[in-house]
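# Observations on the model geometry
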Protein chains: 2
Amino acid sequence: MTDKLADQIAFLQEIDRLKGVLRATPIADNSRRENSAEHSWHIAMYALVLADEAGPEVRIDRVIRMLLLHDIVEIDAGDMPIHEVHDAEAHAAKERAAADRLFGLLPAAQATEFRALWDEFEAAETADAIFAKTIDRVQPLLLNLANGGGSWIDYDVTLDQIDDRVGEKVMRGAPALWHHVRARVAGFFASQAASV
Amino acid sequence: MTDKLADQIAFLQEIDRLKGVLRATPIADNSRRENSAEHSWHIAMYALVLADEAGPEVRIDRVIRMLLLHDIVEIDAGDMPIHEVHDAEAHAAKERAAADRLFGLLPAAQATEFRALWDEFEAAETADAIFAKTIDRVQPLLLNLANGGGSWIDYDVTLDQIDDRVGEKVMRGAPALWHHVRARVAGFFASQAASV
Ligand SMILES: [Ca+2]
């Protein structure tokens with residue numbers, strides 16, 4: 001009993017480091033970059049608020065669990081900005097090693113359970129994982145709309161690239177949401193073009 | 001449909017401000033104070049990891065929902081450090097006004113649902129709310145153990161005060177957890193006394 005609790009607390013202390021992992025996207029007021037811990041909270045709230053956008057087969061509480069733990073691997077592997085050119089296979093291997101180490105801090109049964117949820121998220125094949133990915137992809141768009149362009153400007157991103165890298169995934173999980181958000185994003189890019 | 005989504009997105013954009021609300025407790029590496037958004041993520045992970053410490057009547061997914069949204073009122077009302085002397089009734093009134101405004105941004109049915117969860121957490125009478133409060137109280141203790149004393153030192157807190165202000169609440173929701181954490185906290189205070 002005591003050992004189990006000690007392991008769980010060691011894990012909970014270790015994951016505090018996620019608060020120091022910075023993402024490419026600034027927070028809405030543009031005062032600083034978002035960290036992955038507060039991002040994980042925000043997307044869990046997205047899932048809760050936007051639950052009706054998911055298909056009837058999606059179990060929102062499982063989606064929330066996935067979203068809460070999916071970025072923990074970044075403690076070892078770092079955040080990989082979606083618009084940055086990178087070796088996807090090498091980064092995926094780094095994330096798997098991170099998952100081994102970090103979830104491995106937990107008691108065995110819980111380590112297995114969390115790892116399975118993380119693997120499911122990464123594979124993006126189940127309805128829950130597809131919706132979770134949708135949510136994870138859509139939140140940075142809305143932050144960039146709030147902060148004045150954020151990582152789109154830093155990475156010289158075009159609307160076509162957003163359609164490719166984000167749109168397809170959001171369409172899969174929540175088509176009405178994509179329709180709504182895409183119109184706002186297109187409006188932003190049109191206003192940028194008009195002001196050049 | 002579109003109006004509903006627009007209201008939900010307005011709420012999700014507004015709650016981004018929770019990332020700027022600072023708490024009394026520093027993060028584990030003692031580099032800076034914790035903000036309420038990343039705190040909310042961390043305690044949701046605490047609930048998930050420590051679910052076995054809850055009684056069998058506790059529904060962890062409801063606890064997680066409560067924990068995710070319970071601090072949103074701080075956007076308007078601020079964080080009230082547990083060891084700071086304050087007018088509890090005045091602060092509670094500020095928080096209720098904040099709940100009215102912030103949850104009121106959502107579509108009506110969802111506003112009612114979230115407000116009911118928040119009221120339930122605040123009342124701390126149901127098994128889910130009692131466990132949620134337990135988790136919310138225990139995380140800062142473990143942060144202070146990691147960061148070297150943090151808000152205990154800033155607020156000149158004694159072990160007796162922790163027993164009073166935190167221990168009783170944690171005992172109610174998770175006695176074995178309190179037993180474990182209390183021993184660590186007592187060890188910290190003993191080592192402080194020895195080094196004076
Ligand atoms: Ca991510």
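On a predicted model such as this, the values are computed, not experimentally measured, just so you know.

Reading guide: rules and limits
- Residues numbered from 1 in each chain as written.
- Chains lettered and ligands numbered in written order.
- Predicted model: local features only at pLDDT ≥ 70, side-chain atom pairs only at ≥ 80, totals over all residues.
- Heavy atoms only, no water.
- Contact = heavy atoms within 4.5 Å.
- Buried area = accessible area lost by both parts, 1.4 Å probe.
- Salt bridge = Lys/Arg side-chain N within 4 Å of Asp/Glu carboxyl O.
- Polar contact = N/O pair within 3.5 Å; in protein donor to acceptor, adjacent residues only side chain to side chain.
- Helix = DSSP H or I, 4+ residues; strand = E, 2+ residues; numbered from the N terminus.
- Nonpolar A, V, L, I, M, F, W, Y, C, P; charged D, E, K, R; others polar.
- Core = buried A, V, L, I, M, F, W, Y, C linked by side-chain atoms within 4.5 Å.
- Buried < 20%, exposed > 50% of the residue type's maximum accessible area, 1.4 Å probe, protein only.
- Least-squares fit on C-alpha atoms with pLDDT ≥ 70 in both.
- Expected span 1.5 Å × (residues − 1).
- Axes fitted to C-alpha atoms, helices over the stretch in contact; angles between N-to-C directions.
- Parallel < 35°, antiparallel > 145°, perpendicular 65-115°, else oblique.
- Left-handed = near helix turned anticlockwise from the far one by under 90°.
- Pairing = 2+ DSSP bridges.
- Phe/Tyr/Trp six-rings, centres within 6.5 Å; stacked < 30°, edge-to-face > 60°.

## Looking at the interface of chain B and chain A
Residue-level contacts link 51 residues of chain B with 51 residues of chain A. In total, chain B and chain A occlude about 4,400 Å² of area from one another, counting both sides; carbon and sulfur atoms represent 67% of this. Seen at the junction of chain B and chain A, the total is six salt bridges. A salt bridge links D52(B) to K4(A), with the shortest nitrogen-to-oxygen separation between them at 2.6 Å. For the pair chain B and chain A, the number of links is 26 residue pairs in polar contact (both at pLDDT 80 or more). For the side of chain B that touches chain A, the secondary-structure elements that each account for two or more residues are α1 (2–14), β2 (33–35), α2 (36–49), α3 (60–69), α6 (108–123), α7 (127–147) and α10 (175–195) of chain B. The element contributing the most residues to the side of chain B that touches chain A is α2(B), with 10 residues. Split by residue class, the side of chain B that touches chain A holds 31 nonpolar, nine polar and 11 charged.

## A word on the nonpolar core
Counting residues in each nonpolar core, the largest one holds 117 residues, and the members touching the most others are F11(A), M45(A), I72(A), F11(B), M45(B) and I72(B). Each residue touching M45(B), except ones within four places of it in the same chain, is listed here: F11(A), L12(A), I15(A), L68(A), L69(A), I72(A) and F114(A).

## Things to note about the relation of the copies chain B and chain A
You can overlay chain B on chain A at an RMSD of 0.0 Å; the transform is a turn of 180° with a shift of 0.0 Å along its axis. Such a turn and shift between the copies fits a two-fold axis.

## A look at α6(B)
Since there are 3.6 residues in each turn of an α-helix, residues three or four apart along the chain are aligned in direction. Residues and elements named next belong to chain B. The terminal C-alpha atoms of α6 lie 22 Å apart, and with 16 residues this matches the ideal 22 Å at 1.5 Å per residue to within 8%. By the burial criterion, the buried members of α6 are Q110, A111, F114, R115, L117, W118, E120 and F121. A124 occupies a position one or two residues after α6 and carries a positive phi of about 55°.

## Focus: the pattern of salt bridges
Counting across every chain of the model gives 36 salt bridges over all chains. For R115(A), the salt bridge identified is with D100(A), shortest N-O distance 2.5 Å. Taken together, the positions of R115(A) in helix α6 (residues 108–123) and D100(A) in helix α5 (residues 88–103) put the pair 15 residues apart, joining distant regions of the chain. Note that E34(B) and R23(B) form a salt bridge whose closest N and O atoms lie 3.1 Å from each other. Residue E34(B) is found in strand β2, and its partner R23(B) is found in strand β1 (residues 22–26); the two are separated by 11 residues along the sequence.

## Looking at unusual backbone geometry
Backbone geometry places A124(A), a non-glycine residue, at a positive phi of 55°. Unusually for a residue other than glycine, D156(B) sits at a positive phi of about 55°. On the secondary structure map, D156(B) appears in the loop between α8 (150–154) and α9 (159–173). Residue D156(B) is classed as exposed on the basis of its relative accessible area of 65%.

## What about the side chain of E120(A)?
All names here are of chain A. As for its position among the elements, E120 is in helix α6. E120 sits in the buried class, given a relative accessible area of 16%. Filtering out sequence-adjacent residues up to four positions away, E120 remains in contact with R62, M66, E125, T126, D128 and A129.

## Digging into α10(B)
The first and last C-alpha atoms of α10(B) sit 30 Å apart over 21 residues, in line with the 30 Å expected at 1.5 Å per residue. Here α10(B) has its buried residues at L177(B), W178(B), H180(B), V181(B), V185(B), F188(B) and F189(B).

## Some details on the packing of helix α3 (residues 60–69) of chain A against α3(B)
It is the contact of α3(A) with α3(B), at a shortest axis distance of 10 Å, that shows an interaxial angle of 60°. It follows from the interaxial angle that α3(A) and α3(B) lie oblique. Taken as a pair, α3(A) and α3(B) cross one another with a handedness that is left-handed. Contacts between α3(A) and α3(B) involve I60(A), D61(A), I64(A), R65(A) and L68(A) on the former and, on the latter, I60(B), D61(B), I64(B), R65(B) and L68(B).

## As for the pairing of β1(B)
All names here are of chain B. Of all the five residues making up β1, four are buried; the element is thus mostly covered by neighbouring parts of the structure. For β1 and β2, the ladder comprises two bridges, and the chain directions are antiparallel. Its bridge partner being in β2, P26 is matched across the sheet by R33. Counted between consecutive antiparallel strands, the loop separating β1 from β2 contains six residues, among which N30 sits at a positive phi close to 65°.

## Brief notes about the packing of α3(A) against helix α7 (residues 127–147) of chain A
All names here are of chain A. Where α3 meets α7, the axes come as close as 9 Å, and the angle between the chain directions of the two elements is 55°. Classified by the angle their axes make, α3 and α7 are oblique. As for the relative orientation of α3 and α7, their crossing is right-handed in sense. In this structure, α3 uses I60, R62, V63, M66 and L67 to contact α7, whose residues at the interface are D128, A129, F131, A132, I135 and D136. Classifying every residue of the contact of α3 with α7 gives eight nonpolar, no polar and three charged.

## Some remarks on the packing of aromatic side chains
Aromatic ring pairs are described here by two measures, namely the spacing of the ring centres and the angle between the planes. All names here are of chain A. For the coordinates displayed, the defined rule picks out 12 aromatic pairs over all chains. Relative to F114, the ring of F103 lies with its centre 6.3 Å away and its plane at 80°, an arrangement referred to as edge-to-face. Placement of F103 in helix α5 and of F114 in helix α6 is noted, with a sequence separation of 11 residues between them. A centroid spacing of 5.3 Å and a plane angle of 55° characterise the contact between W152 and F188, whose relative ring orientation is tilted. Residue W152 is located in helix α8 (residues 150–154), and its partner F188 is located in helix α10 (residues 175–194); the two are separated by 36 residues in the primary sequence.

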